[in-house]
Amino acid sequence: PSYRRFLASIPAHLACDVIQWAYVANLGKGGRPVINADLDGGSYMNSSWDDDVENNLGFDCALVKAMGLKGTCFHHIFALRDIQEGEELLLNYGDFAD
């Protein structure tokens, strides 16, 4: 019941995101199912699989190396160009598979 109350208490468009990204795992005490939602930075991005659509986010391995950042270039996402207010954030999810 508390999960339903939570969903009802937030704006409908956010509730849809929570429902889409939520999953059940047996992580609770005594193996009780727990509802989890992965709402990290990736929740704010969409994938542009279409070659005709310009991604505005992506990876820049040379920049990661030049800045001395830790981790692989796939741990660091950069704006590939100026992004306008209200513009959808697009990143090709297929890049993670490379």
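Before reading further, recall that the structure is shown in the block above.
What comes next is a walk through the structure. In this text the structure is predicted, and so the values were computed from the model without any measurement. (Residues numbered from 1 in each chain as written. Predicted model: local features only at pLDDT ≥ 70, side-chain atom pairs only at ≥ 80, totals over all residues. Heavy atoms only, no water.)

## Topic: the overall build of the chain
Right, on to step 1. A tally of helices and strands in the chain yields three helices and four strands.
Right, on to step 2. Reading the secondary structure of the chain in the N-to-C direction produces α-α-β-β-β-α-β.
Right, on to step 3. Residue pairs in contact within the chain that sit at least 24 positions apart in sequence constitute 41% of those at least 6 positions apart.
Right, on to step 4. Surface summary for the chain: the accessible area is close to 7,600 Å², and the carbon and sulfur share equals 56%. (Helix = DSSP H or I, 4+ residues; strand = E, 2+ residues; numbered from the N terminus. Contact = heavy atoms within 4.5 Å. Areas by Shrake-Rupley, 256 points an atom, 1.4 Å probe, with all protein chains shown as cover.)

## Examining a nonpolar patch on the surface
Right, on to step 1. On the surface, a cluster of nonpolar side chains totalling about 240 Å² of accessible area is made up of Leu63, Met67 and Leu69.
Right, on to step 2. Among the secondary structure elements, Leu63 is positioned in helix α3 (residues 61-67).
Right, on to step 3. On the accessibility criterion, Leu63 (32% relative accessible area) is partly exposed. (Patch = residues over 30% accessible without salt bridge, like charges linked within 9 Å, V, L, I, M, F, W, Y side chains within 5 Å. Salt bridge = Lys/Arg side-chain N within 4 Å of Asp/Glu carboxyl O. Buried < 20%, exposed > 50% of the residue type's maximum accessible area, 1.4 Å probe, protein only.)

## Here we look at the pattern of salt bridges
Right, on to step 1. Following the criterion strictly, the structure yields two salt bridges and no others.
Right, on to step 2. Salt bridges here are not isolated pairs; linked through shared partners, they connect Glu54, Arg81 and Glu87.

## Topic: the side chain of His76
Right, on to step 1. Tracing the backbone shows His76 in the loop between α3 and β4 (78-79).
Right, on to step 2. The exposure class assigned to His76 is buried, which follows from its relative accessible area of 19%.
Right, on to step 3. A polar side-chain atom of His76 sits 2.6 Å from the main-chain carbonyl oxygen of Lys70. (Polar contact = N/O pair within 3.5 Å; in protein donor to acceptor, adjacent residues only side chain to side chain.)

## Side note on the environment of Glu87
Right, on to step 1. Along the chain, Glu87 falls in the segment after β4.
Right, on to step 2. According to the relative accessible area criterion, Glu87 is partly exposed, its value standing at 27%.
Right, on to step 3. Between the C-alpha atom of Glu87 and that of Asn56, which follows or precedes it by 31 residues, the distance is 9.4 Å.
Right, on to step 4. Polar contacts involving the side chain of Glu87 include one to the side chain of Asn56, which spans 3.2 Å.

These figures come from the coordinates and say nothing about function on their own.
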